[in-house]
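# Results of the structural survey
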Amino acid sequence: MITYEYPFNERIRTLLRLEDLFEKTAYFARADGQHEHHAALVTLFEILEAAGRADLKMDLIQELERQRQTLLAFRNNPDISEEALSGALYEIEQSSAALLGMNGKIGQYLRDNDWLMSIKSRAAIPGGVCEFDLPSYHWWLHRDVDTRRAALDGWSKPLFALRDASAIVLRLLRSSGRPKRHVAVNGQFQLNLGGTSAQMVRVALGADEAAVPEVSANKYFLNIRFTKPPLNELKARGCERDVEFDLTFCNL
């Protein structure tokens, strides 16, 4: 199955972007090559921009506390595993403490590093990090793999509290809904939501299904238009056949 997620508000949109960026940074940092480590650093700069919202940290802390209170209500419930519940509460409490331990603006230690900021500003220019533009960065890229990876880890780790908190919130959000099977007749699907409070919708199709969902939605109305994958086409074209898919509404 391939799952497409459509967030209904800016907060969830930011968390999904951060999740994607943290995964890419970790992937490229694990590699050995200069180009991969450059990609890891540039992606780290993208995390810095995506996490720039002043209230993001407090939003996460408040959401984790709300989820903690919800879970506490399940104490002594015979239908709930005490071990699993205690583990979930511990994870939330540890994540909240780590967020509270982040001093100042998210990523400020990176902004205070003039050398990294010079790379960030040049990286926004096509071809702007060539050796003649940033000879010191060219030198760094020629250090041994372990040295580069240690530096990337050092720049990334202070942001892991943000990564872990986002992961918890998204995991709880995704697990809150139950998928239902639907059919888009001639590639079109519409649903009256009646003011639903959903924060995200997930559309899942078989991996072999040659259709891509284009989602537009608000709390009153959902519209999904399935198009054919572009491949060699000049532009996407609508599917002219029925498409089966799973639809999940998620809400914290």
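Since the model is a prediction, treat every value here as computed from it, not as a measurement. (Residues numbered from 1 in each chain as written. Predicted model: local features only at pLDDT ≥ 70, side-chain atom pairs only at ≥ 80, totals over all residues. Heavy atoms only, no water.)

## Topic: the domain arrangement of the chain
- In terms of domains, the chain is made up of domain 1 (9-173) and domain 2 (177-250).
- For domain 1 and domain 2, the distance between their C-alpha centroids amounts to 30 Å.
- On the side of domain 2, four residues touch domain 1, which itself brings five residues to the contact.
- Counting each side, the surface lost to burial between domain 1 and domain 2 is near 420 Å², with a carbon and sulfur contribution of 56%.
- Looking only at domain 1, the three residues that lose the most surface to domain 2 are Asn9, Ile12 and Leu173, adding up to 78% of its buried area.
- On the surface where domain 1 and domain 2 come into contact, there are zero salt bridges.
- Put simply, domain 1 and domain 2 have zero residue pairs in polar contact (both at pLDDT 80 or more) between them.
- Its residues assigned to classes, the side of domain 1 that touches domain 2 comprises three nonpolar, one polar and one charged. (Domains from an automatic or database assignment. Contact = heavy atoms within 4.5 Å. Buried area = accessible area lost by both parts, 1.4 Å probe. Salt bridge = Lys/Arg side-chain N within 4 Å of Asp/Glu carboxyl O. Polar contact = N/O pair within 3.5 Å; in protein donor to acceptor, adjacent residues only side chain to side chain. Nonpolar A, V, L, I, M, F, W, Y, C, P; charged D, E, K, R; others polar.)

## Some details on the packing of aromatic side chains
- One pass over the full model with this rule turns up nine aromatic pairs.
- Where tyrosine 27 meets phenylalanine 28, the ring centres are 5.4 Å apart and the plane angle is 75°; that geometry is what we call edge-to-face.
- Take tyrosine 27: its relative accessible area is 55%, and that puts it in the exposed class.
- The interplanar angle of 50° and the centroid separation of 5.2 Å between the aromatic rings of phenylalanine 226 and phenylalanine 245 together place this pair among those described as tilted. Placement of the pair is phenylalanine 226 in strand E6 (residues 221-227) and phenylalanine 245 in strand E7 (residues 243-250), with a sequence separation of 19 residues.
- Under the relative-accessibility criterion, phenylalanine 226 is labelled buried at 1%.
- Its relative accessible area of 0% is what places phenylalanine 245 among the buried residues.
- Ring pairing ties together the aromatic residues Trp115, Tyr137, Trp140 and Trp155, which thus form one cluster. (Phe/Tyr/Trp six-rings, centres within 6.5 Å; stacked < 30°, edge-to-face > 60°. Buried < 20%, exposed > 50% of the residue type's maximum accessible area, 1.4 Å probe, protein only. Helix = DSSP H or I, 4+ residues; strand = E, 2+ residues; numbered from the N terminus.)

## With respect to the environment of tyrosine 90
- As for its placement among the helices and strands, tyrosine 90 is situated in helix H4 (residues 82-100).
- Sequence separation between tyrosine 90 and arginine 68 is 22 residues; the distance between their C-alpha atoms is 9.3 Å.

## Some points on the packing of H4 against helix H9 (residues 160-174)
- Contact geometry for H4 and H9: axes closest at 9 Å, N-to-C directions at 140°. Regarding the angle of H4 to H9, the classification is oblique. Remark: the crossing between H4 and H9 carries left-handed chirality. From H4, Glu91, Ile92, Ser95, Ala98 and Leu99 reach across to H9, where they touch Ala161, Leu162, Asp164, Ala165, Ile168 and Arg171.
- Residue composition of the contact of H4 with H9, grouped by class: seven nonpolar, one polar and three charged. (Axes fitted to C-alpha atoms, helices over the stretch in contact; angles between N-to-C directions. Parallel < 35°, antiparallel > 145°, perpendicular 65-115°, else oblique. Left-handed = near helix turned anticlockwise from the far one by under 90°.)

## Brief notes about the confidence of the model for the chain
- Looking at the chain, pLDDT values average 90 and 97% of them are 70 or higher.
- Averaged pLDDT values for the elements of the chain fall to 89 in H4 and rise to 96 in helix H8 (residues 145-156). (pLDDT = per-residue confidence, 0-100.)

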